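# Residue-level structure breakdown
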Amino acid sequence: MLTLVKKLLFYVIFIILLVLHSCAEKTEKTAQKPNIIYIMADDHTSQAFGIYGSRLASLNPTPTLDKLANDGIIFDNCFVNNSICVPSRAAIMTGQRAQTNGVIDLEGVLPPEKQYLPKEMKKLGYETAMIGKWHLHEEPAAFDYYKVFPAQGKYFDPEFRIQGDKPWPENIEKRKGHSSDNVTDIALNWLKKERNPDKPFFLMHHFKAPHDDFEYAPRYENYLANTFIPEPESLYDNKNNGSVATRGVNDSLTRIIGSSVSHRNHIRNQAMNIYWNDSTIYKQYRNARDIQPNEYAKFELTADEKTYTSKVYQDYLKKYLRCVKGVDDNVKRLLDYLEAENLLENTIIVYTGDQGFMLGEHDYIDKRWMYEESMRMPFFVRYPKSITPGSRTDAIINNTDFAPTLIQLAGGEKPAYMQGNSFKSILETGKEPENWQQATYYRYWMHLAHRHQNPAHFGIRTKEHKLIFYYGKYWVDTDNPNAEYNKESWGNDFANHTPVSWEFYDLKNDPKEMNNAYNNPKYKDIIGKLKAQLITMRENLNETDANYPHIQKVIDEHWND
């Protein structure tokens, strides 16, 4: 009897030890999973860093971010699929293009069932959080935790939509101070007190800054106050950039197309944005809007106009860079916490903007364009366990590739429904895999919207060339196919079709895109190949205009122009 009891006791102890070993093994595997922090600033363009070697690099605008980037890998050819906030964020969350995820403009929504990235991360055992600018309209319910701005949110004393007893979006938390500080305060509080320490975390940390109207924290008032900000040459002389689609016949549309730094665009220029709360200056710089439609003509920069334009540019950039400084300092707060808590080395840190931004290049402000400064996204990743510090790559990636990559870094595989490609191997080796994508596709839908007056266009970008097609029409509401789509909220002053045209840039010899070489016979064969590639790419990505026959008709009529 005693022997039997001993045997039973032995088996019980053995089973307990086996279970404990299994649990310990699982805990160890969980602990080894890297944490992931995805940091994104709104409109933080590649020109406003040191690492990208722009004219602003000498100002040292991002010391923290530059160090973070140099501790990991920097991507020189990261591009947005549509340089506007909502479609870009939808692409990041879904790994899909606009016509697949359904978000093609600023009114697009992303319901919880399509919030694929957090859903996939949760399947892999991650606790997920979304803090800051969300802007995808419906509740970010796929996340375990969220505190997000209503739409754009406010720079000062922001409100946050939070989880609570009331239905979305009625649970509101009001806070004091600057938005960048608040986003970081909330993130640090979640990391310290609210997350489950036994699970790896996936945190999306989204700043509002430096989106216009560039309201910086008061502590930065004197930052760059006495510094002359280097100005782009194309601010004053745009040479042969653009086409009849962006300039009009004999430059007749230059007073309308593309919001400007100078007085050139009388519908929207930067003085209207940055002096709106100063009635004296605002009135002084608003007089160009009195021009009547029959007076549209080429805009000539006089000596006085150049002086005025420089003043506006200097004020514009200082406001913008003060917002960037606030972002950089807040990232340092986050990194300091991770280091103090011994979390830094096991945390993958991604930094990017939601798109690029025009800082006066070609006398443009805002984004939306397929031009480099608008289309290029800053992108770098730090993770010393598998990424060699000081790495750099010119591999082409775009924002639909982010979700598949993050999922694979977390130990999963790219879901079949995602169109983007994982670049995990590029992160770890610095080399492009065989058959890696050599081009990326771009599409801006919101024809002449929001008084920025950018014509609708699409195109292809390779490492050396760019081809853009401006089709000059609104898209059509598929629920009402006979109605051309011009939403009231777009606020158009000049609601019309614009000329159709092509643009081609040899980026190797013309990196600032100052010469539209589409009609140069030297490039005929290259352009022909790019058009063939563009057709294939649009079909493969579900980005054709099959649902918009009025646009397809324009494409067919002008494809061989």
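Residues numbered from 1 in each chain as written. Predicted model: local features only at pLDDT ≥ 70, side-chain atom pairs only at ≥ 80, totals over all residues. Heavy atoms only, no water.

So, on to the overall build of the chain. When helices and strands are counted, the chain shows 15 helices and 14 strands. Out of the 561 residues belonging to the chain, those deemed buried represent 58%. Relative to all contacts within the chain whose residues are 6 or more apart in sequence, the contacts with residues 24 or more apart total 71%. Summed over all atoms, the accessible surface of the chain reaches about 23100 Å², with 50% contributed by carbon and sulfur. (Helix = DSSP H or I, 4+ residues; strand = E, 2+ residues; numbered from the N terminus. Buried < 20%, exposed > 50% of the residue type's maximum accessible area, 1.4 Å probe, protein only. Contact = heavy atoms within 4.5 Å. Areas by Shrake-Rupley, 256 points an atom, 1.4 Å probe, with all protein chains shown as cover.)

With that settled, consider the pattern of salt bridges. Any two side chains of opposite charge can pair, on the condition that their charged atoms come close. What the rule picks out here adds up to 31 salt bridges. For the salt bridge of D42 with R89, the shortest nitrogen-to-oxygen distance reads 3.2 Å. In this pair, D42 is assigned in the loop between β1 (35–41) and α2 (63–70) and R89 in helix α3 (residues 85–94), connecting sequence segments 47 residues apart. Comparing D42 with R89, the two get one shared label, buried. (Salt bridge = Lys/Arg side-chain N within 4 Å of Asp/Glu carboxyl O.)

Our next topic: the sheet that holds β1. Spatially, β6-β5-β4-β3-β7-β1-β8-β9-β2-β10 is the arrangement adopted by the ten strands of the open sheet, whose pairing is mixed. Taken across any chain shown, the strands that pair with only one partner, and hence form the sheet edges, are β6 (172–174) and β10 (391–398). Averaged over all pairs of adjacent strands, the angle between their axes in this sheet comes to 20 degrees, without regard to strand direction. Bridge analysis of strand β4 (residues 145–148) against strand β5 (residues 159–162) gives two bridges, and the strand direction is antiparallel. Counterpart to K147 in the pairing with β5 is I162. (Pairing = 2+ DSSP bridges. Axes fitted to C-alpha atoms, helices over the stretch in contact; angles between N-to-C directions.)

Listed in full, the buried residues belonging to helix α5 (residues 116–123) are Y116, L117, P118, E120 and M121. Buried residues in α5 make contact with β1, α3, β3 (127–132), β7 (201–207) and α12 (402–409). Looking one or two places after α5, you find G125, whose phi comes out positive at around 95 degrees.

Side-chain alternation along β4 places Y145 and K147 on one buried face and Y146 and V148 on a second face that is also buried. Relative to β4, β3 runs parallel, the two being bridged by four bridges. Residue pairing for β4: I131 is matched across the bridge by K147.

What follows concerns the side chain of R461. With respect to the secondary-structure elements, R461 resides in strand β12 (residues 457–462). Here the side chain of R461 touches E372 through a polar contact of 2.6 Å, side chain to side chain. (Polar contact = N/O pair within 3.5 Å; in protein donor to acceptor, adjacent residues only side chain to side chain.)

So, on to the packing of aromatic side chains. According to the stated counting rule, one finds 33 aromatic pairs in the structure shown. Where F379 meets F423, the ring centres are 5.6 Å apart and the plane angle is 80 degrees; that geometry is what we call edge-to-face. With a gap of 44 residues between them, F379 in strand β9 (residues 379–382) and F423 in the loop between α12 and α13 (424–429) connect regions that are remote in the sequence. You'll find F379 and F423 in the same group, each marked buried. Both rings, one in Y441 and one in F458, keep their centres 6.3 Å apart while their planes meet at 35 degrees; by these two values the pair is tilted. Here the residue Y441 occupies a position in strand β11 (residues 439–444), and F458 occupies one in strand β12, the gap between them amounting to 17 residues. Its relative accessible area of 1% is what places Y441 among the buried residues. With a relative accessible area of 0%, F458 lands in the buried category. (Phe/Tyr/Trp six-rings, centres within 6.5 Å; stacked < 30°, edge-to-face > 60°.)

Before going further, it helps to examine the confidence of the model for the chain. In this model, the chain carries a mean pLDDT of 90, and residues with pLDDT of at least 70 account for 87%. Across residues 24–30, confidence stays below pLDDT 50; counting only partners more than four residues off in sequence or on other chains, it has three contacts. Taken as a whole, residues 288–295 scores under 50 in pLDDT and shows eleven contacts with residues more than four places along the chain or in a different chain. (pLDDT = per-residue confidence, 0-100.)

Bringing the environment of T400 into the picture now. Its place among the elements puts T400 in the loop between β10 and α12. Judged by its relative accessible area of 2%, T400 is buried. Residues T400 and A91, spaced 309 residues apart in sequence, show a C-alpha to C-alpha distance of 5.2 Å. The contacts of T400, once residues within four sequence positions are left out, are N81, A91, G95, Q96, R97, G420 and N421.

Position of N77 relative to the elements: it lies in strand β2 (residues 73–79). Overall, the relative accessible area of 8% leaves N77 in the buried class. A polar contact is formed between the side chain of N77 and the backbone oxygen of D394, at a distance of 2.8 Å. Those residues within four positions of N77 in sequence are excluded, and the remaining contacts are R376, T393, D394, A395, I396, I397, R461 and K463.

Moving on, we get to the packing of helix α6 (residues 179–194) against helix α10 (residues 303–340). How two helices pack is summed up by the angle between their axes together with the distance between the axes. Packing of α6 against α10 leaves a shortest axis separation of 9 Å and a crossing angle of 10 degrees. The angle between α6 and α10 falls in the class roughly parallel. For the pair α6 and α10, the contacting residues are S180, D181, T184, D185, L188, L191 and K192 in the first and G326, V327, N330, R333, L334 and Y337 in the second. Taken together, the residues of the contact of α6 with α10 break down into five nonpolar, four polar and four charged. (Parallel < 35°, antiparallel > 145°, perpendicular 65-115°, else oblique. Nonpolar A, V, L, I, M, F, W, Y, C, P; charged D, E, K, R; others polar.)

Attention now goes to the packing of α3 against α5. Contact geometry of α3 with α5 gives a least axis separation of 6 Å together with a crossing angle of 25 degrees. In terms of orientation, α3 and α5 fall into the roughly parallel class. In this structure, α3 contributes I92, M93 and T94 to the contact, and α5 contributes Y116, L117 and P118.

Residue W168 is joined to P169 through a cis peptide bond whose omega torsion reads 5 degrees. Examined against the element boundaries, P169 turns out to sit in the loop between β5 and β6. Between D212 and D213 the backbone carries a cis peptide bond, its omega angle lying at 20 degrees. Its place among the elements puts D213 in the loop between β7 and α7 (244–247). Positive phi is not limited to glycine here, since D363 has a value of about 60 degrees. Along the chain, D363 falls in the loop between β8 (347–353) and α11 (372–375).

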